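Residue-level listing of the chains:
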Amino acid sequence: MALTADDVAALARLARIDLTPDEQQQLAPQLDVILESVARVSEVAAEDVPPTSHALPLTNVFRADEVRDSLPVDQVLAGAPAAEQDRFRVPRILDEEA
């Protein structure tokens, strides 16, 4: 099933991306190729092959956590563009009420 410009418009709306109708028309076949490629990979995956995230096993190279004193709040917030109640103040992004 080929993607339509309306499908691309719906995806763009969900991702909060503003696309022109020309961009929607241009992206529809490109996204369709990507989806077909993913479907083709899914067909090849065999049940006897365990899913992996890396070709080689990974080992943790991080140091152990140590509890130690942190910076004072006023020093941490000194470089912040906005602070409120000893916290970083950030703009609301999802248009939701608090």
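Residues numbered from 1 in each chain as written. Predicted model: local features only at pLDDT ≥ 70, side-chain atom pairs only at ≥ 80, totals over all residues. Heavy atoms only, no water.

1. Re the overall build of the protein
We apply this condition: For the purposes of this entry, the term helix denotes a DSSP run of H or I that reaches at least four residues, the term strand denotes a run of E that reaches at least two, and both are numbered from the N terminus. For the radius of gyration, the atoms used are the C-alpha atoms, and the globule rule reads 2.2 Å times the number of residues raised to 0.38. For each residue, the accessible area found with a 1.4 Å probe, counting protein chains only, is set against the maximum for its type, and the residue is called buried under 20%, exposed over 50%, and partly exposed in between. In what follows, a contact means two residues having at least one pair of non-hydrogen atoms within 4.5 Å. With residues, only the protein chains shown are counted as cover, and all accessible areas are computed by Shrake-Rupley using a 1.4 Å probe. When charges are counted, Lys and Arg contribute as positive and Asp and Glu as negative, whereas His and the chain ends are disregarded. Every charge is mapped to an atom, namely NZ of Lys, CZ of Arg, CG of Asp or CD of Glu.
On a plain count of helices and strands, the protein comes out with 3 helices and 2 strands. Here the protein has a C-alpha radius of gyration of 23 Å; the compact-globule value for 98 residues is 13 Å, and the former is much larger. The dimensions of the protein, computed from C-alpha atoms along their principal axes, are 55 × 45 × 20 Å. A burial count over the protein gives 11% of its 98 residues as buried. The long-range share in the protein, meaning contacts at least 24 apart out of those at least 6 apart in sequence, stands at 30%. Accessible area of the protein: about 9,600 Å², with a carbon and sulfur share of 57%. Of the side-chain charges in the protein, 8 are positive and 19 negative, and the distance between the mean point of each set is 8 Å.

2. So, helix α2 (residues 21-44)
Within an α-helix, residues lying three or four positions from one another point in the same direction, as the helix has 3.6 residues per turn. Selection rule: A helix is expected to span 1.5 Å multiplied by its residue count minus one. We define the bend at any residue as the angle between the axes fitted to the seven residues before and including it, ending there, and the seven starting there.
The terminal C-alpha atoms of α2 lie 35 Å apart, and with 24 residues this matches the ideal 34 Å at 1.5 Å per residue to within 8%. The sharpest bend along α2 measures roughly 30° and falls at leucine 27, with the proline proline 29 sitting one to four residues further on. Along α2, the residues that are buried comprise Gln24, Ala28 and Asp32. Close packing links the buried residues of α2 with α1 (5-14).

3. Observations regarding the environment of valine 67
Tracing the backbone shows valine 67 in the loop between α2 and α3 (73-77). Judged by relative accessible area, valine 67 falls into the exposed class, the value being 89%.

4. Topic: the pattern of salt bridges
Opposite charge on two side chains permits pairing when their charged atoms draw close. As a reminder of what qualifies: By definition, a salt bridge exists where a carboxyl oxygen of Asp or Glu is found within 4 Å of a side-chain nitrogen of Lys or Arg.
Per the counting criterion, the structure on display carries 1 salt bridge. In this structure, the salt-bridge partner of glutamate 84 is arginine 89, at a minimum N-O distance of 3.4 Å. By relative accessible area, which is 39% here, glutamate 84 ends up partly exposed.

5. Digging into a nonpolar patch on the surface
Quick note on the threshold: Patch members must show over 30% relative accessible area and no salt bridge, and they are joined within 9 Å when carrying like charges or within 5 Å when they are nonpolar side chains of Val, Leu, Ile, Met, Phe, Trp or Tyr.
Taken together, Leu71, Val76, Phe88 and Val90 make up a surface patch of nonpolar side chains, about 400 Å² in accessible area. Look at leucine 71 and you get exposed, because its relative accessible area is 53%.

6. A closer look at α1
Note the cut-off: In this description, the arc belongs to the directions extending from the helix axis to the C-beta atoms.
Turning to α1, its buried residues are Ala5, Val8, Ala9 and Ala12. Along the axis of α1, the buried residues cluster in a sector spanning 100°; they form a single face. Among the exposed residues of α1, those oriented more than 90 degrees off its buried face are Asp6 and Leu14. As for α1, its buried residues are in contact with α2.

7. So, the packing of α1 against α2
Cut-off, in case you're wondering: Note on geometry: axes are C-alpha line fits, over the in-contact stretch for helices, and angles between N-to-C directions span 0 to 180 degrees. For classification purposes, angles smaller than 35 degrees are called roughly parallel, those larger than 145 roughly antiparallel, those between 65 and 115 roughly perpendicular, and all remaining angles oblique. Each residue gets one of three labels, nonpolar for Ala, Val, Leu, Ile, Met, Phe, Trp, Tyr, Cys and Pro, charged for Asp, Glu, Lys and Arg, and polar for the others, Gly among them.
Between α1 and α2, the shortest axis-to-axis distance is 8 Å and the interhelical angle comes to 95°. When the axis of α1 is compared with that of α2, the two are roughly perpendicular. Residue-level inspection shows Ala5, Val8, Ala9 and Leu11 of α1 in contact with α2, the latter providing Gln24, Gln25, Leu27, Ala28 and Leu31. Split by residue class, the contact of α1 with α2 holds 7 nonpolar, 2 polar and no charged.

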